[in-house]
Amino acid sequence: MLIATNEAGRVVKKPSKPVIGTMLANLHRSNAHLVLERVEEGVEGSWYVQVLLRDDNTYQLEYRDGVAAEHYQTRTISQEKVLTAMLGWAAGRGDWRDPFMWNNIGSQFETGEAPQLG
């Protein structure tokens, strides 16, 4: 199941594309991050994509593929590219990462199972 959570505490199970778009568009200083997490019963690890609206109005986009060693980060100024990436991830499309250059930041997380913005 897909779950969307923002910093303001809004939690939406099985969010639609419009809900994800609205939650992203509503990011601001006191509600600066959004996490889309894939949760499946009986499956260990963390699968998520998350975005942080930074103080310089850039977007820090991260994703994790199951384990801390597979945690990647990029930055962009484009909210549209972030939305396209998040929707692509949510839909399970394989090409959602292509528009970005990703850095593996897995070494920054020791236990690393809870979503964290790096």
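Residues numbered from 1 in each chain as written. Predicted model: local features only at pLDDT ≥ 70, side-chain atom pairs only at ≥ 80, totals over all residues. Heavy atoms only, no water.

Visitor: What's the story with the environment of Val 82 in this structure? I'm lost.
Guide: The topology assignment puts Val 82 in helix 2 (residues 79-91). Taking relative accessible area as the criterion, Val 82 reaches 0% and is therefore assigned buried. Measuring from C-alpha to C-alpha, the distance between Val 82 and Tyr 59 comes to 7.6 Å, with 23 residues separating the pair along the chain. Residues within four places of Val 82 in sequence aside, it is in contact with Leu 24, Val 51, Tyr 59, Leu 61, Thr 76 and Phe 100. (Helix = DSSP H or I, 4+ residues; strand = E, 2+ residues; numbered from the N terminus. Buried < 20%, exposed > 50% of the residue type's maximum accessible area, 1.4 Å probe, protein only. Contact = heavy atoms within 4.5 Å.)

Visitor: How do you make sense of the sheet that holds strand 2 (residues 11-13) when you look at a structure like this?
Guide: What holds strands together in a sheet is hydrogen bonding between their backbones, with the strands either parallel or antiparallel. Across the sheet, which stays open at both edges, the seven strands sit in the order 2-1-3-4-5-6-7 with antiparallel pairing between neighbours. Two strands bound the open sheet, and with one partner strand each, they are strand 2 and strand 7 (103-104). In terms of strand pairing, strand 6 (residues 71-76) meets strand 7 through two bridges, oriented antiparallel. Counted as the bridge partner of Gln 73 is Asn 103 from strand 7. Seen against the sheet, helix 2 touches strand 1 (2-6), strand 3 (33-38), strand 4 (46-53), strand 5 (59-66) and strand 6 and runs at an angle of roughly 15° to strand 3. (Pairing = 2+ DSSP bridges. Axes fitted to C-alpha atoms, helices over the stretch in contact; angles between N-to-C directions.)

Visitor: Would you take a moment to explain the pairing of strand 3 for this structure?
Guide: Two faces belong to every sheet, and in a regular strand the side chains alternate between them. Examined bridge by bridge, strand 1 and strand 3 share five bridges and lie antiparallel to one another. If you follow Asn 6 over to strand 3, its bridge partner there is Leu 34. In the sheet, strand 3 pairs with strand 4 via six bridges, with the strands oriented antiparallel. From the neighbouring strand, Val 35 faces strand 4, where its bridge partner is Gln 50.

Visitor: Would you explain the nonpolar core in this entry?
Guide: By size, the foremost hydrophobic cluster in this structure holds 24 residues, and its most contacted members are Leu 34, Leu 36, Val 49, Val 51, Leu 61 and Met 86. Of all the secondary structure elements, the ones that give two or more residues to this core are strand 1, helix 1 (17-25), strand 3, strand 4, strand 5 and helix 2. No other element matches the five residues that helix 2 contributes to this core. Setting aside residues no more than four positions away along its own chain, Leu 61 makes contact with Val 49, Gln 50, Val 51, Tyr 72, Gln 73, Thr 74, Val 82, Ala 85, Met 86, Phe 100 and Trp 102. (Core = buried A, V, L, I, M, F, W, Y, C linked by side-chain atoms within 4.5 Å.)

Visitor: For this particular structure, what's the right way to read helix 1?
Guide: Since the α-helix turns once every 3.6 residues, residues separated by three or four places project in the same direction. All of the buried residues along helix 1 are Ile 20, Gly 21, Met 23 and Leu 24. Within helix 1, the buried residues cover an arc of 165° as seen down the axis, which keeps them to one side. (Arc of directions from axis to C-beta.)

Visitor: Got a minute to help me understand the packing of aromatic side chains in this structure?
Guide: The tally for this structure, following the rule as stated, stands at five aromatic pairs. Centroid distance Tyr 63 to Trp 102: 4.8 Å. Interplanar angle 85°. Geometry classified as edge-to-face. Placement of the pair is Tyr 63 in strand 5 and Trp 102 in the loop between helix 2 and strand 7, with a sequence separation of 39 residues. What links up through ring pairs into an aromatic cluster is the set Tyr 63, Tyr 72, Trp 96, Phe 100 and Trp 102. (Phe/Tyr/Trp six-rings, centres within 6.5 Å; stacked < 30°, edge-to-face > 60°.)

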